[in-house]
Amino acid sequence: MKKSLILLGMSLLAACGVQKTELPLLPEEAFQTTVDGKPVALYTLHAGDITMQVTNYGARVVSLWTPDREGRYEDIVLGYENIGRYIDNTGERFLGAVVGPYANRIAKGHFTLDGAEYTLPVNNNGQTLHGGLLGVDRVVWDVVSASDDKLVLHYLHPDGQDGFPGNLDIEMTYSLTPDNEFRIDYKATTDKPTVVNMSNHPFFNLKGEGNGTVLDNVMTINASHTTPVDSVLIPTGQIAPVEGTPFDFREPHAIGERIGADNQQLRNGGGYDHNWVIDRKTESGIEQVATVWEPASGRTIEVLSDQPGLQVYSGNFFDGKSIGKYGKPQRYRESLALETQKFPDSPNHDNFPSTVLRPGETYTQVCIYKFGVK
């Protein structure tokens, strides 16, 4: 009997191991190259029930495998199968990338700080989006350390890159935890006053990349206000209540339930591409800001952050022309970005919380994506 129990235990362990070892992970050699004299590689992290692959080119999350309620694994982020497709990208630029030094848009690529005027390159309808032409997504990050469950990355954003002032020294840590969390910690300092609003841009599909719409995903957002935008997605300066609008996710709603409503904000964004003002319980500290549930698979994402804003983007501008890493088109409203951040456009709006960073100060931010099933 004892021998049978041991054999049964070994069989169960082997079965569990097969699930992980049979994941069709991308080969490291497909990401080995040099960009601007700096080495690029692919790193694989494991913890709990999740496995993630990251390249230090743009600190991009390339794949992220999680189980459904039956224990079946799918890769739930959009990406490409080799580094060449990221470098010579003709599709969505920000797949899986860190974005900054200023996430979201700065109006007309212009802001004033301490009486000095700064002009940035415009790259989105006459605005500066996600840091400009180079940003932090089209550069190679230095790998400080790498382990089975943690990757520490560093980038010195030099004074004047994309027009931003100051040598911005950024350290970012990607960690996976035994509780099935993907945690992102940011830290930055500067030698000159500047503006900072870092974020991360995984495009999630809880059914698996290329496996269908996100419109049936059920979402909650702990926010009673948004920052409305104009026709080029620049905040107007208002902080508007969600009560009685398609932006009220304080109770669970399917993403597609009201996305086609007769609403000017939805027309401006082509759907949801807006910042929610989180109803924070404390001025600092990590709190739950949103949840997403995919009913068919049972997969869930819980978003936690210490930031005041959450940008939700429902994949409105994918045209299906770009092919993902498994040979499937990256199509309209088949992915969801959940970006924790400061308020967008803060350099142009005095009434929004400041994103100014000065010498001697340290910018910090935490974002956690916690995966589960129900």
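Analysis parameters
Residues numbered from 1 in each chain as written. Predicted model: local features only at pLDDT ≥ 70, side-chain atom pairs only at ≥ 80, totals over all residues. Heavy atoms only, no water. Helix = DSSP H or I, 4+ residues; strand = E, 2+ residues; numbered from the N terminus. Rg over C-alpha atoms; globule rule 2.2 N^0.38 Å. Buried < 20%, exposed > 50% of the residue type's maximum accessible area, 1.4 Å probe, protein only. Contact = heavy atoms within 4.5 Å. Areas by Shrake-Rupley, 256 points an atom, 1.4 Å probe, with all protein chains shown as cover. UniProt positions renumbered as here; feature names shortened; annotations may be inferred. 1 Å grid on protein atoms, 1.4 Å probe; cavity = no way out; pocket = protein on both sides within 12 Å on 5 of 7 lines; lining within 4 Å. Polar contact = N/O pair within 3.5 Å; in protein donor to acceptor, adjacent residues only side chain to side chain. Pairing = 2+ DSSP bridges. Salt bridge = Lys/Arg side-chain N within 4 Å of Asp/Glu carboxyl O. Points joined across faces, edges and corners; volume = space filled by probe spheres on them. Nonpolar A, V, L, I, M, F, W, Y, C, P; charged D, E, K, R; others polar.

Looking now at the overall build of the protein. The helix and strand inventory of the protein stands at three helices and 28 strands. In terms of overall size, the protein behaves like a compact globule, its C-alpha atoms giving a radius of gyration of 21 Å where 374 residues would be expected to give roughly 21 Å. Its C-alpha atoms give the protein principal-axis dimensions of about 80 × 50 × 45 Å. Going through the 374 residues of the protein one by one, you find that 55% of them count as buried. Here the contacts in the protein between residues at least 6 apart in sequence split such that 67% fall between residues at least 24 apart. Of the roughly 15200 Å² of accessible surface on the protein, 52% is carried by carbon and sulfur atoms.

The UniProt record annotates "binding site: beta-D-galactose" (unreviewed entry) at Asn104, Arg105 and Asp273. A stretch of 170 residues holds the annotated residues, and the largest C-alpha distance among them is 11.7 Å, short enough that they meet in one place. From this annotated list, the subset lining the largest cavity comprises Asn104, Arg105 and Asp273. Positionally, Asn104 belongs in the loop between strand S7 (97–99) and strand S8 (105–106). Residue contacts for Asn104: discarding those within four places in its chain leaves Thr128, Leu129, His130, Gln311, Gln341 and Pro344. Here the side chain of Asn104 touches Arg105 through a polar contact of 3.4 Å, side chain to side chain. Locating Asp273 in the fold gives a position in strand S22 (residues 273–278). The exposure class assigned to Asp273 is buried, which follows from its relative accessible area of 7%. If near-sequence neighbours (up to four positions away) are discounted, Asp273 is found in contact with Arg105, Leu233, Gln311, Val312, Tyr313, Asn316 and Phe317.

Here we take up the pairing of strand S12 (residues 142–146). Judged from the four bridges that link them, S12 and strand S13 (residues 150–157) form a sheet pairing that is antiparallel. Residue pairing in the sheet places Ala146 in a bridge with Leu151 of S13. Taking the residues between adjacent antiparallel strands as the criterion, S12 and S13 are bridged by three residues.

Time to look at the UniProt feature "active site" (unreviewed entry) in the protein. As recorded in UniProt, the feature "active site" (unreviewed entry) lies at His201 and Glu339. Taken together, the annotated residues stretch across 139 residues yet fold into one region, lying no more than 6.4 Å apart by C-alpha. From the list above, the largest pocket is lined by His201 and Glu339. Relative to the helices and strands, His201 is located in strand S17 (residues 199–201). Here His201 is in contact with Phe94, Leu95, Gly96, Ala97, Val99, His130, Ala337 and Glu339, once residues within four sequence places are set aside. Positionally, Glu339 belongs in strand S26 (residues 337–341). Assessed through its relative accessible area of 3%, Glu339 is described here as buried.

Applying the stated criterion across every chain yields a total of 16 salt bridges. Among the ionic pairs, Arg280 bridges to Glu287, the shortest N-O distance being 3.7 Å. On the accessibility criterion, Glu287 (10% relative accessible area) is buried. Arg331 serves as the salt-bridge partner of Glu334, at 3.1 Å between the closest nitrogen and oxygen. Under the relative-accessibility criterion, Arg331 is labelled partly exposed at 36%. A network of salt bridges, in which partner residues are shared, links Arg60, Arg93 and Asp137.

All told, the structure shown has two cavities of 30 Å³ or more when counted by the stated rule. For the largest cavity, the calculated volume is near 50 Å³. Asn104, Arg105, Thr227, Val229, Leu233, Pro235, Asp273, His274, Asn275, Gln311 and Pro344 together form the lining of the largest cavity. No other element matches S22, which puts three residues into the lining of the largest cavity. Class assignment for the residues of the lining of the largest cavity results in four nonpolar, five polar and two charged. As a volume, the second largest cavity reaches approximately 40 Å³. In terms of lining residues, the second largest cavity is bounded by Leu78, Glu209, Gly210, Pro329, Gln330, Arg331 and Glu334. For the lining of the second largest cavity, the residue count by class is two nonpolar, two polar and three charged.

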